[in-house]
Amino acid sequence: MEHTVIIFGASGDLTKRKLIPALYELFGKGRLPHNARIVGFSRTSFSHDAWRQLLGEQVAKFSGSQFSTQLWEEFAARVFYYRGDVLNPDDVRGLGSFLKELEEDRPHARMYYLSLSPEFYEPTILHLGAAGMATENDAPRRLVIEKPFGRDLGSARCLNETVHEVFKERQIYRIDHYLGKETVSNLLVLRFANTIFEPLWNRRYVDHVQITAAEDLPVGHRAVFYESAGILRDMFQNHLLQLLTLTAMEPPSRVNADDIRDEKVKVLRAVRQLTSEDVAVQTVRGQYRRYRDEPNVPPGSETATFGIAKLYVDNWRWQGVPFYLRSGKAMSCRTTQIVIQFREPPHMMFEEGPRRIHEANRLVLQIQPAEGIQIHFQTKVPDAGMKMRLTDLDFNFREKFAGEMPEAYERLLLDVMMGDPSLFSRADEVELAWTIIDPIQKAWDGGGLPQLELYEAGGWGPPYAEEWMRRQGRAWFNVCPVLA
Ligand code: BG6
């Protein structure tokens, strides 16, 4: 079937940085459905050609692969622009007529992509509904919603209710771009297509799990958005909790959207909610020193740019195993990694053997940017008595599978076009994620404990975070990945 992709918020950053480059890449790989067309919608005035020209310049800048002018021109011929305001129902209706004309009255599957500021989600959805543009008479109508999906449980529920007034759940694709990363999908393959890991993947063998998403970049020009979000809403409610669910979930009996999401939802339900007393001892919040000097940050801002949450998954498999979630801006490097830290051997017969948890076996899943997997284990140092050293087996995706790793948005956009929602959050999933984050956010906003720790840019967050971990007899895996 022919496809039309409609991007609301076409003049925004996401469109030129991610969406159009991803669609262009898919086109270059011959993966865009036959005769697919892309229509941008926003308030700025552009002719089709002016918009194509602007996008071409941006794609040349952001595109992962070599930019080809000839390929771009072929692609750009499928790109159109319609000027309008999502707050004006007549403009949305006008878009509807434009689409019909473009589609020459043939059935086309449509993807409505909301790349808008969240306050525009609800009016846009309602106007799409009122214009009859959500009704599936002869072809699918799919709605893609970017994060943040609400800013707490209450607002997420309201948004879900509004969306459900117009679209059925199966038409809705709530995006979390982490789920489009190849290494994140590989988590399920590693766990459930191999026999050697799964028997160890539980409380008997695992001491704790560390899930870190560190970024070296500061908040910079995004301060207006960031002030209303902070690290919990920006990274924990979505990306980090998604990584936690995939690490902790039970194997689904089949690989289909609902079976996978049912298992993820079970994990979220099992996560113990924190009381304000728990928040004081099980979380750490920090802010890099120069954050308050960023443009648009108010002088006494208490917005956290770094956070840690120690969570427990109360079920048979994970009882008593802490999951440490950590994320921060302005850290020493960009790395997202999941560390499965195994227990010490039950009995150490070698005098020099590991005595500390961080000397025990460890499995490191490098999500990005050095996509790979390492197994850390003790080996005998040759010709040194029974001296031992922690060494590793190292697997690197790029080395093994020559070529670039595709951008997350390529996979996700294609999945929407194919009608596969496996890698998108379901309504109950986002709401449950908020039930975990809300109590932490509330306690942090209250300004009580834990106090806001300042940290220097370029390190691993506040020194207190190290001390906090040490007191629990554990240590952070603070290693920047080696990029080949
Ligand atoms: C976004 C956050 O969702 O994810 C950003 O809003 C963050 O603040 C980004 O920088 C990180 O994504 P990635 O793919 O670069 O890890």
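See the structure shown above.
Residues numbered from 1 in each chain as written. Predicted model: local features only at pLDDT ≥ 70, side-chain atom pairs only at ≥ 80, totals over all residues. Heavy atoms only, no water.

A closer look at the overall build of the protein chain
As a reminder of what qualifies: Secondary structure follows DSSP: runs of H or I at least 4 residues long count as helices, runs of E at least 2 residues long count as strands, and numbering of each begins at the N terminus. Note that the radius of gyration is over C-alpha atoms, with the globule rule given as 2.2 Å times the number of residues to the power 0.38. Contact between two residues is taken to exist if any of their heavy atoms lie within 4.5 Å; hydrogens are not considered. Only the protein chains shown count as cover for residues, with accessible areas throughout obtained via the Shrake-Rupley method and a probe of 1.4 Å. In this charge count, Lys and Arg are treated as positive and Asp and Glu as negative; neither His nor the chain ends contribute. A charge is said to be at NZ when it belongs to Lys, at CZ for Arg, at CG for Asp and at CD for Glu.
Per the secondary structure count, the protein chain includes 14 helices and 15 strands. Computed over the C-alpha atoms, the radius of gyration of the protein chain is 24 Å, within 12% of the 23 Å expected from 2.2 N^0.38 for a compact globule of 484 residues. On the principal axes, the C-alpha backbone points of the protein chain span a range of 80 × 50 × 45 Å. Looking at the protein chain alone, contacts between residues at least 24 apart form 75% of all its contacts between residues at least 6 apart. Accessible area of the protein chain: about 21600 Å², with a carbon and sulfur share of 51%. One way to put it: in the protein chain the 59 positive side-chain charges average out to a point 3 Å from where the 65 negative ones average out.

A word on the site of the ligand
The following threshold applies: If even one non-hydrogen atom of a residue comes within 4 Å of a molecule or strand, that residue is called near it. Two N or O atoms count as a polar contact when they lie within 3.5 Å, although within protein this holds only if one can serve as hydrogen donor and the other as acceptor, and sequence-adjacent residues are included solely when both atoms are side-chain atoms. Residues are sorted three ways: Asp, Glu, Lys and Arg are charged, Ala, Val, Leu, Ile, Met, Phe, Trp, Tyr, Cys and Pro are nonpolar, and all the rest, Gly among them, are polar.
Every residue near the ligand is listed here: K147, H177, Y178, K181, E215, R222, D234, M235, H239, K329, R334 and Q368. Within the side chain of Q368, one N or O atom sits 2.6 Å away from an oxygen atom of the ligand. Contact with the protein chains hides 81% of the accessible area of the ligand, taken as 400 Å² for the molecule alone. Top element by residues in the shell around the ligand is helix α8 (residues 223-248). It accounts for 3 residues. Tallied by class, the residues present in the shell around the ligand amount to 2 nonpolar, 3 polar and 7 charged.

Things to note about the sheet that holds strand β12 (residues 362-368)
The line we're drawing: Whether two strands pair comes down to DSSP finding at least two bridges between them. To get an axis, a line is fitted to the C-alpha atoms, and for a helix only the part in contact is used. The angle between two axes follows their N-to-C directions and goes from 0 to 180 degrees.
Ordered by their spatial adjacency, 9 strands build an open sheet running β14-β13-β12-β11-β7-β10-β9-β8-β15, and the pairing between neighbours is mixed. Two strands close off the open sheet at either side, each with one partner strand: β14 (388-396) and β15 (452-455). On average, each strand axis in the sheet is inclined to that of its neighbour by 20°, with strand direction left out of account. Here 4 bridges tie strand β8 (residues 283-288) to strand β9 (residues 306-312), and the two strands are oriented antiparallel to one another. Residue pairing across strands places R285 opposite G307, the latter belonging to β9. Across the sheet, helix α7 (residues 182-192) touches β11 (335-342), β12 and β13 (372-380), and the angle it forms with β12 is around 145°. Of the strands in this sheet, β8 and β9 touch helix α13 (residues 427-445), which is tilted by about 135° from β9.

Here's the deal with the pattern of salt bridges
Defined as follows: Here, a salt bridge means any Lys or Arg side-chain nitrogen found within 4 Å of an Asp or Glu carboxyl oxygen. When accessible area is computed with a 1.4 Å probe and restricted to protein chains, residues below 20% of their type maximum are described as buried, those above 50% as exposed, and intermediate ones as partly exposed.
Enumeration over the complete set of coordinates arrives at 33 salt bridges. In this structure, E2 and R106 form a salt bridge, with 2.7 Å as the shortest nitrogen-oxygen distance. Taken as a pair, E2 in strand β1 (residues 2-8) and R106 in the loop between α4 (89-102) and β4 (108-114) lie far apart in primary sequence, 104 residues in all. Accessibility expressed as a relative area gives 13% for E2, which makes it buried. Among the residues examined, R106 registers a relative accessible area of 33% and is labelled partly exposed. Salt-bridge contacts for R426 lead to D428; the nearest nitrogen and oxygen are separated by 3.0 Å. Looking at R426, the relative accessible area reads 11%, which means it is buried. D428 sits in the partly exposed class, given a relative accessible area of 27%. When salt bridges with common partners are traced through the structure, they connect D258, R261, D262, R426 and D428 into a single cluster.

Interpretation note: all reported values are geometric properties and have no functional meaning in isolation.
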